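Next come the chains, spelled out residue by residue.
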Amino acid sequence: MDTLESTIATHPFTKDLNPRFLHLLNECATFERFGAGQQIFQESFEADRFYLIHRGRVALQTFVPATGVTTIQTVGTGEALGWSWLYPPYRWHFSAVAVEPVEAAALCARTLRDRMQENHEFGYEIALRVGQLMLERLQATRLRLLEMYGVPG
Amino acid sequence: MNFDEFLRRPHPFLTGMCESHLRLLADNAREVHFTAGSRVFHEGTHAEHFYLILRGKVVLQAHSAGHSVPIQTIGSGEVLGWSWLFPPYCWHFDARAEEDTDAISFPATRLREDCEIDKTFGYALMKQVAELLIQRLQATRLKLVQAHKNEHHAALPVGG
């Protein structure tokens, strides 16, 4: 098994995924490396990739007037990065910068969307996994907002 | 609920769904009413229903240091409840009607079964759910940035 295939097959996002679907993911993926400090994607640009992080840590950032570039969250080994590819207008909400060297499987968003549209069994599996991760992160973000600032999310 | 009755209660969540999926949803749908102040669901209990709010307002509340703290208000045209979709299928928060509220409710177990049996239906439903959750997450992250800016004017502590 080469590095790309094993990265995808062993990533938590694909746990218990049907091998046929793993194959669909492999077909639209490339293995990418980013050096510390390197930008992975930029806010408002086309969201053309979905990343499964194999190793390293990425900071999600946004520009806040009067404050400057602010880190919202960091995402690391075993996590998935980038969700804006899933729905129009397919533009990144935030920027992503490698805070340490990063290795990731980068899946082509357009191909992934096409495969989901063609094969609803695959589409259902991916959307279900994305939905579950989103809910976990949403609950964590809400509680953080509440605990740190007393602000409803 | 019969199909015609269901169609007379339009909701943005259903926009763009094909007739066969709307029929599947209609078969399971029930109109429910919550009077102002009444409990819709309780944190930690089994998430048995999914709600589309037609009219009124429901507030989500968390428990913090012995107090109930509002997390979010969900109103007409919005969707209430996600915990029914994923294990352990338990509500994360309390939900209470802030005003008299009309909603369509769907039994969670039945809806999940329908998703598994008909993956085209499952895909249509989950894509809609994932999209709403991403939008909600992104809005909440921006609130976090704003809250931090208001309070500290410094770098956010990061994690998770």
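See the structure printed just above.
Given the structure is predicted, the values throughout are model-derived calculations rather than measurements.

A. Representation of the overall build of chain B. For chain B, the helix and strand inventory stands at four helices and eight strands. Secondary structure elements in chain B, listed N-terminal to C-terminal, are α-α-β-β-β-β-β-β-β-β-α-α. With the C-alpha coordinates aligned to their principal axes, the bounding extent of chain B is approximately 55 × 35 × 25 Å. By the burial criterion, 34% of the 160 residues in chain B qualify as buried. Sequence-distant contacts in chain B: of pairs separated by 6 or more residues, those separated by 24 or more amount to 74%.

B. The nonpolar core, seen in detail. Formed by 86 residues in total, the largest nonpolar core has its most connected members in Val58 and Met134 of chain A together with Met126, Ala130 and Leu133 of chain B. If we ignore the near neighbours within four places in the chain, the residues touching alanine 130 of chain B are Leu86, Ala127, Val130, Gly131 and Met134 of chain A.

C. The interface of chain B and chain A, seen in detail. Every contact between the two is made by 39 residues of chain B and, on the other side, 37 residues of chain A. Residues of the side of chain B that touches chain A, tallied by class, amount to 21 nonpolar, 10 polar and eight charged.

D. Spotlight on the sheet that holds strand 3 (residues 49-55) of chain B. Residues and elements named next belong to chain B. Judged by pairing direction, the sheet is antiparallel, and its four strands sit side by side in the order 1-8-3-6 without closing on themselves. At either end of the open sheet lies a strand with only one pairing partner, and these are strand 1 (30-34) and strand 6 (79-80). Strand direction decides the pairing type here: strand 1 and strand 8 (residues 101-107), joined by five bridges, are antiparallel. Its bridge partner being in strand 8, arginine 30 is matched across the sheet by serine 105.

About the cut-offs
By convention here, each chain's residues receive numbers from 1 onward along its written sequence. As they are written, the chains are lettered A onward and the ligands numbered 1 onward, keeping that order. Residue-level local features of this predicted model are given only where pLDDT is at least 70; pairs of side-chain atoms are given and counted only at 80 or more, and the full residue set underlies all totals for whole chains, interfaces and linings. The helix count covers DSSP runs of H or I at least four residues long, the strand count covers runs of E at least two residues long, and both are numbered beginning at the N terminus. With C-beta atoms placed from the backbone, a residue is buried if 20 or more other C-beta atoms are within 10 Å of its own, exposed if 12 or fewer are, and partly exposed between those counts. Contact between residues is assigned whenever the C-beta positions, reconstructed from backbone atoms, fall within 7 Å. Residues of type Ala, Val, Leu, Ile, Met, Phe, Trp, Tyr and Cys that are buried and joined through C-beta atoms within 7 Å form what is called a nonpolar core. Residue type decides the class: Asp, Glu, Lys and Arg count as charged, Ala, Val, Leu, Ile, Met, Phe, Trp, Tyr, Cys and Pro as nonpolar, and the leftover types, Gly among them, as polar. Two strands qualify as a pair provided DSSP detects at least 2 bridges between them.

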